[in-house]
Amino acid sequence: MRPGPFAAGRLKIPPAAKPFKPSEVEEPSATVVETEKADIEEHKEPTSQTTDHDENIKEAEVRVAPTDQEVQEQDVVAESNRILSRIAMWDQQEQAVPESTPVPADDLAPSEHIHVMGLDPVGRYITHILASCDHIPPVRYVMHTPGVHNVFKQNDRKLTLYRGDQMVTTNRIIAVNFNQGGDYTSPKQYALPSLISNLIITTPAADVVRILEPIKHRLDHRSTIVLINDGLGVVEDLIKTYYPSSITRPTFILGQFTGKLGYTGEQFSVEEVELGRLRMSIYPQQIQQSGVRIVRHPPIEHTLKPTRLLRALTAIPDLRAAGFPMDDFFKKALPTIVFRSIVDPLTVVLDSTYDKLPKNAYARLVMDQLLSELCGVISRLPEVRDSPDFSRLTVTQRLRKEIYHKLVRQQTSSSRMRSNVARGWATDIDYQTGYFVERGRQLGLRVENLNSLIAEVKAKQKIQMDRQNMQIPFQL
Ligand SMILES: CC(C)(CO)[C@@H](O)C(=O)[O-]
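Sequence positions are assigned chain by chain, starting from 1 and proceeding in written order. Totals for whole chains, interfaces and linings use all residues, but because this is a predicted model, local features are given only for residues with pLDDT of at least 70 and pairs of side-chain atoms are given and counted only at 80 or more. Where side-chain values are given, they derive from all heavy atoms of the structure, hydrogens and water being excluded.

Observations concerning the overall build of the protein chain
- Helix numbering and strand numbering both begin at the N terminus, where a helix is a DSSP run of H or I of at least 4 residues and a strand a DSSP run of E of at least 2. Counting its regular elements, the protein chain contains 16 helices and 14 strands.
- Burial statistics for the protein chain: of 476 residues in total, 48% are counted as buried.
- We call two residues in contact whenever any of their non-hydrogen atoms come within 4.5 Å of each other. Relative to all contacts within the protein chain whose residues are 6 or more apart in sequence, the contacts with residues 24 or more apart total 76%.
- With residues, only the protein chains shown are counted as cover, and all accessible areas are computed by Shrake-Rupley using a 1.4 Å probe. Of the accessible surface of the protein chain, which amounts to about 23700 Å², a share of 54% is contributed by carbon and sulfur atoms. Only protein chains enter the calculation, and the probe is 1.4 Å; a residue is then buried if its accessible area is under 20% of its type maximum, exposed if over 50%, and partly exposed in between.

Written as structure tokens, this is what we have:
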């Protein structure tokens with residue numbers, strides 16, 4: 001794949017953004033309950049894309065009842081029409097933006113709010129940065145429960161960032177609750193099918209499918225979802241569970257945040273320990289036609305809708321965000337994902353901090369075996385197997401070096417997976433080790449060691465969960 005304009009070293013710096021006009025949207029001095037009528041007015045259901053398909057179906061209905069073969073043929077015609085109209089739409093978008101056209105950084109409309117879902121440090125950090133940026137509408141921060149919202153109110157609706165000896169506070173935040181029936185929002189409003197234009201999700205990979213359930217109908221082809229986590233396979237699960245149609249599904253952007261953040265002991269503050277970057281890549285569109293998979297990669301600079309959000313994010317200096325073509329993104333994200341797929345589960349199984357692993361010859365042996373199995377899968381993935389960077393030898397040598405380097409840098413710290421398991425909580429292992437096991441099986445490769453690793457982590461988690469449940473006192 002040719003390097004896109006966002007590839008490292010070729011990042012286009014968008015023109016300076018003009019401040020977002022307060023008159024365009026009400027500046028929150030207090031928590032504002034979302035009213036999304038404007039969104040509904042603006043985003044009326046489009047009809048143009050389905051017209052041909054509908055016409056074909058109507059015509060077929062007035063004739064005599066079609067045979068099975070005719071129905072199959074009609075399906076193929078309808079599918080082809082859909083594909084053609086989709087491709088025509090992309091082509092139109094591409095023609096609409098000549099390569100040299102500078103795109104203003106602040107082209108998010110007032111109704112195109114950015115919602116952030118994720119009360120973890122990364123969610124807080126990104127929300128803080130977006131809220132401090134006056135050329136985009138105030139950020140909408142999702143608080144799932146009235147309890148969390150109460151803490152936010154007690155905190156004067158402020159989010160605080162500790163950066164060195166600086167303390168930066170912002171209140172340009174609108175608290176929203178996606179679950180109907182929350183006591184600080186009217187359930188009625190959330191029954192409205194208003195569109196969510198931009199959604200950034202930083203919650204653990206294992207929770208994403210579940211937390212999107214109440215709002216899945218508010219996200220469609222006009223929406224862009226940025227998924228920021230250290231896992232793979234979440235988009236595929238979302239597509240399978242909620243968005244099987246390539247015509248109406250949202251656009252997905254994969255994201256990885258590389259900074260180091262610290263907990264402060266408060267729910268609405270976060271410490272910036274080490275500056276990092278937000279890497280992003282648009283998940284490629286795929287269309288299935290009569291058994292043939294068409295993978296469409298519209299040039300990243302020409303795909304208007306998702307890149308509007310991507311451009312808006314890359315224009316915010318503090319976010320240090322950059323977009324990459326998918327293969328570059330994968331290459332850059334891989335060391336962390338592989339670390340999480342092999343090293344983190346080993347810290348659980350061996351009940352150990354990171355520093356003990358490289359010093360232990362048996363642990364190194366196990367790590368190397370797991371890495372070899374995993375690199376066998378990576379090097380055979382159809383997405384990358386033609387690239388010399390992903391030959392088995394190259395990828396194993398590179399990842400081994402990077403993983404040992406990362407391991408040493410962790411010193412005596414402990415993995416989040418280990419602390420989750422100790423509490424009997426779920427982990428992201430299905431979207432890390434599990435992703436490679438699944439892909440390996442599809443390719444007919446041996447993945448027994450990786451599979452046993454998953455089973456051992458899950459067995460340990462189950463034991464802990466049962467223990468925790470037994471400790472809950474019986475109440476009359
Ligand atoms: C090693 C790591 C996965 C631990 O959090 C992270 O620090 C990283 O990617 O360097």
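Quick notes on the sheet that holds strand E1 (residues 114–117)
- Pairing between two strands is assigned when DSSP locates at least 2 bridges connecting them. Pairing is mixed in the open sheet, where 8 strands are placed in the order E5-E2-E1-E6-E7-E8-E11-E14. The open sheet has two free edges, formed respectively by strand E5 (173–176) and strand E14 (321–323), since each of these has just one partner strand. The average angle at which neighbouring strand axes cross in this sheet is 25°, direction not considered.
- As paired strands, strand E11 (residues 278–282) and E14 are joined by 3 bridges and run parallel to one another. Looking at E14, one finds that Arg 279 is bridged to Ala 322. Lines are fitted to the C-alpha atoms to define the axes, a helix being fitted only along its stretch in contact, and any angle between axes, read from their N-to-C directions, falls within 0 to 180 degrees.

Quick look at the site of the ligand
- Here, proximity means that at least one heavy atom of the residue falls within 4 Å of the molecule or strand. Inspection of the region around the ligand gives Thr 336, Phe 339, Arg 340, Lys 406 and Gln 410 as its neighbouring residues.
- Within the side chain of Lys 406, a nitrogen or oxygen atom sits 2.8 Å from an oxygen atom of the ligand.
- In the complex, 75% of the free accessible area of the ligand, which totals 280 Å², lies under the protein chains.
- Examining the composition of the shell around the ligand, we find that 3 residues originate from one element, helix H10 (residues 326–349), more than from any other.
- For this classification, the nonpolar set comprises Ala, Val, Leu, Ile, Met, Phe, Trp, Tyr, Cys and Pro, the charged set comprises Asp, Glu, Lys and Arg, and every other residue, Gly included, is treated as polar. Partitioning the shell around the ligand into residue classes produces 1 nonpolar, 2 polar and 2 charged. Whenever two N or O atoms come within 3.5 Å, that pair is a polar contact, provided that in protein one can donate a hydrogen and the other can accept it, and provided that, for residues adjacent in sequence, both atoms are side-chain atoms.

Considerations on the pairing of strand E4 (residues 166–170)
- In the sheet, strand E3 (residues 159–163) pairs with E4 via 5 bridges, with the strands oriented antiparallel. When the bridges of E4 are listed, Thr 160 appears paired with Thr 169.

Comments concerning the packing of aromatic side chains
- Only Phe, Tyr and Trp rings are paired, with Trp represented by its six-membered ring, and only when their centres lie within 6.5 Å; those with planes under 30 degrees apart are stacked, over 60 edge-to-face, the remainder tilted. Inspection of every chain in the model, using the stated rule, returns 6 aromatic pairs.
- Geometrically, the ring pair formed by Tyr 435 and Phe 436 is edge-to-face, given 5.6 Å between the ring centres and 85° between the ring planes.

Looking at the sheet that holds strand E10 (residues 269–274)
- In spatial order, the strands read E4-E3-E10-E9; together these 4 strands make up an open sheet with mixed pairing. The open sheet terminates on both sides in strands that have one partner only, identified here as E4 and strand E9 (260–262). Sheet twist, expressed as the average angle between the axes of neighbouring strands with direction ignored, equals 30°.
- As judged from the 4 bridges shared by E3 and E10, these two strands associate in the parallel manner. Across the sheet, Tyr 162 pairs through a bridge with Glu 271, a residue of E10.

Structural notes on helix H13 (residues 392–409)
- A helix is expected to span 1.5 Å for every residue after the first. Taking 1.5 Å per residue, 18 residues should reach 26 Å; H13 reaches 26 Å between its end C-alpha atoms and fits that length.
- Tucked into the core, H13 has its buried residues touching H10, helix H11 (356–359) and helix H12 (361–380).
- Of the residues one or two after H13, Gln 411 is the one with positive phi, at around 50°.

A short note on the pattern of salt bridges
- Salt bridges are counted wherever a side-chain nitrogen of Lys or Arg sits within 4 Å of a carboxyl oxygen of Asp or Glu. Per the counting criterion, the structure on display carries 20 salt bridges.
- With a closest N to O distance of 3.8 Å, Arg 163 and Asp 318 form a salt bridge. Of this pair, Arg 163 sits in strand E3 while Asp 318 sits in the loop between helix H9 (304–314) and E14, and the two are 155 residues apart along the sequence.
- Classification of Arg 163 by relative accessible area gives partly exposed; the value is 23%.
- When salt bridges that share partners are traced, they join Arg 163, Glu 272 and Asp 318 into one network.

So, unusual backbone geometry
- Backbone geometry places Asp 351, a non-glycine residue, at a positive phi of 45°.
- Along the chain, Asp 351 turns up in the loop between H10 and H11.
- Look at Gln 411: it is not a glycine, yet its phi comes out positive at around 50°.
- As for its placement among the helices and strands, Gln 411 is situated in the loop between H13 and helix H14 (416–422).
- For Gln 411, a relative accessible area of 56% gives the class exposed.

Considerations on the confidence of the model for the protein chain
- Overall, the prediction assigns the protein chain a mean pLDDT of 79, with 68% of residues at 70 or greater.
- Residue-level confidence of the predictor is summarised by pLDDT, bounded by 0 at the bottom and 100 at the top. Note that pLDDT drops below 50 for residues 1–17; the model gives that stretch 40 contacts with residues more than four away or on any other chain.
- Here residues 86–106 is modelled with pLDDT under 50, and outside its nearest four sequence neighbours on either side it reaches 34 contacts, counting other chains as well.
- Interface confidence in the predicted complex, given as ipTM, is 0.88; pTM for the same model is 0.76.

Description of H12
- Under the 1.5 Å per step criterion, the end-to-end length of H12 is 29 Å for 20 residues, consistent within 8% with the ideal 28 Å.
- Residues Ala 363, Met 367, Leu 370, Leu 371, Glu 373, Leu 374, Cys 375, Gly 376, Val 377, Ile 378 and Ser 379 constitute the buried set of H12.
- The inward-facing, buried residues of H12 abut H10, H11, H13, helix H15 (433–442) and helix H16 (448–471).

Quick look at the environment of Glu 271
- Tracing the sequence through the fold places Glu 271 in strand E10.
- Owing to a relative accessible area of 35%, Glu 271 belongs among the partly exposed residues under this scheme.
- As for Glu 271 and Gly 164, which are separated by 107 residues in sequence, their C-alpha atoms are 8.4 Å apart.
- With near-sequence residues (within four places) excluded, Glu 271 lies in contact with Tyr 162, Lys 260, Leu 261, Gly 262 and Thr 264.

With respect to the packing of H12 against H13
- The contact between H12 and H13 brings their axes to 9 Å, and the two run at 135°. The orientation of H12 relative to H13 falls into the category oblique. For the crossing formed where H12 meets H13, the hand is right-handed. In contact with Arg 364, Met 367, Asp 368, Leu 371, Ser 372, Glu 373, Cys 375, Gly 376, Ile 378 and Ser 379 of H12, H13 contributes Arg 392, Val 395, Thr 396, Leu 399, Arg 400, Ile 403, Tyr 404 and Leu 407.
- Each residue belonging to the contact of H12 with H13 can be placed in one class, and the counts come to 9 nonpolar, 4 polar and 5 charged. Roughly parallel covers angles under 35 degrees, roughly antiparallel covers those over 145, roughly perpendicular covers 65 to 115, and oblique covers all other angles. By definition, turning the near helix anticlockwise from the far helix through less than a right angle yields a left-handed crossing, and turning it clockwise yields a right-handed one.

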